[in-house]
Amino acid sequence: LSRQLSKEELFALATYASENNKKKDICGILLYSGNKFLQVLQGEEAAVKALYEKIARDSRHRNVTVIIESHSMAKEFGNWSMAFKDLTLDERALHPELSNFFEAKGEEKPLDLMPAQAMLELFRTTYLA
């Protein structure tokens, strides 16, 4: 993002995403820290790709990048139309995979497949258990 969001803006965004995703049968998670998001979207391929394209075209976003693309029928986040967590610096410090991602500058891609999967499992077990 071009700027850090307020708590009110974050809440409104998470609420909008959750409601919109329910209508499209998309589920996932959204992590925020500083002025960066890390998001997982799952659902029917065409619906997810359409949503991704909308996000990528949004002028408020920069450096939108796909880290993992997988075609699976199983929804790992089926219960959450959009689970959301605003990570504190202390929470980031506890998890190097998250800290590396949120501290990276510019167009660096600090997450590869294994740390990204570890981050997803961490989110599932720590924040949504």
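In short, a report on the structure. (Residues numbered from 1 in each chain as written. Predicted model: local features only at pLDDT ≥ 70, side-chain atom pairs only at ≥ 80, totals over all residues. Heavy atoms only, no water.)

What follows deals with the overall build of the protein. Across its full length, the protein carries five helices and three strands. Starting at the N terminus, the α and β elements of the protein follow one another as α-β-β-α-β-α-α-α. Burial statistics for the protein: of 129 residues in total, 34% are counted as buried. Put simply, 71% of the contacts in the protein that link residues at least 6 apart link residues at least 24 apart. Carbon and sulfur atoms form 53% of the exposed surface of the protein, whose accessible area is close to 8,200 Å². (Helix = DSSP H or I, 4+ residues; strand = E, 2+ residues; numbered from the N terminus. Buried < 20%, exposed > 50% of the residue type's maximum accessible area, 1.4 Å probe, protein only. Contact = heavy atoms within 4.5 Å. Areas by Shrake-Rupley, 256 points an atom, 1.4 Å probe, with all protein chains shown as cover.)

A word on the nonpolar core. Among the nonpolar cores identified, the biggest contains nine residues, and these are A17, I26, L30, L41, A47, V48, L51, I55 and M82. At four residues, the largest contribution of residues to this core is made by helix α2 (residues 45-57). Among the nonpolar cores identified, the runner-up in size contains seven residues, and L38, L98, F101 and F102 belong to it. (Core = buried A, V, L, I, M, F, W, Y, C linked by side-chain atoms within 4.5 Å.)

Before going further, it helps to spend a moment on the pattern of salt bridges. Tallied over the full model, the rule gives three salt bridges. As a salt-bridge pair, D86 and K7 come within 2.6 Å of each other at their nearest N and O atoms. Taken together, the positions of D86 in strand β3 (residues 83-86) and K7 in helix α1 (residues 7-24) put the pair 79 residues apart, joining distant regions of the chain. With a closest N to O distance of 3.0 Å, E91 and K85 form a salt bridge. (Salt bridge = Lys/Arg side-chain N within 4 Å of Asp/Glu carboxyl O.)

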